[in-house]
Amino acid sequence: MESVHPDWWTRKEKLGVAKLVGLSSIKNQSPKFMLSRRVSHIPQLVLRLGSKLRHFRIQEGNDVYMECDIRANPWVTEIGWTFEGRELHTNVSAGLIISNQSLVLQRVQRTNRGHYTCSASNTEGIGESKPLYLSIQCEYYY
């Protein structure tokens, strides 16, 4: 029976799946065996501005789009948004639209400046992004 040397093991993690693959000591041979298991973890979140927005160029009257990038296993069952520690809810008449992992602020005013976070939960727990500070320039800022 061939002995297993620790150097023959590799580990690959992607989207919460860890695979351990036993490799043969002889090149170009197929793996001798494969083990696979699910790795569960609380959601990991990163909050960012929409790709076309420049943080230093946001002015009053602009629309602002934020995206909450989520990595979780199992997938999340709930997503939430906060502004200065207060929970946000969709209010179309006020220009606040929440859609899954996105937050849209229409026609922002200086009162919209401050810290925003997103949070998400799954069966493993609750994760929260680092705060994103939204700075809004006066409409007539030069």
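That block above? That's the structure.
Residues numbered from 1 in each chain as written. Predicted model: local features only at pLDDT ≥ 70, side-chain atom pairs only at ≥ 80, totals over all residues. Heavy atoms only, no water.

(A) Region of the structure containing the pattern of salt bridges. A full pass over the atoms with the stated rule returns one salt bridge. Close ionic contact of Arg48 with Asp69 constitutes a salt bridge, the shortest N to O distance being 2.7 Å. Here Arg48, found in strand β4 (residues 41-49), pairs with Asp69, found in strand β5 (residues 64-73); they are 21 residues apart in sequence, far enough to count as distant. A relative accessible area of 35% means that Arg48 is categorised as partly exposed. Residue class for Asp69 comes out partly exposed when judged on its relative accessible area of 30%. (Salt bridge = Lys/Arg side-chain N within 4 Å of Asp/Glu carboxyl O. Helix = DSSP H or I, 4+ residues; strand = E, 2+ residues; numbered from the N terminus. Buried < 20%, exposed > 50% of the residue type's maximum accessible area, 1.4 Å probe, protein only.)

(B) Region of interest: the packing of aromatic side chains. Throughout the structure, instances matching the rule amount to one aromatic pair. With centroids separated by 4.7 Å and ring planes inclined at 35°, the aromatic side chains of Phe83 and Tyr116 adopt a geometry described as tilted. With Phe83 in strand β6 (residues 78-83) and Tyr116 in strand β10 (residues 114-122), this residue pair connects regions lying 33 residues apart in the sequence. Of the two residues, Phe83 and Tyr116, neither departs from the other in class, the shared state being buried. (Phe/Tyr/Trp six-rings, centres within 6.5 Å; stacked < 30°, edge-to-face > 60°.)

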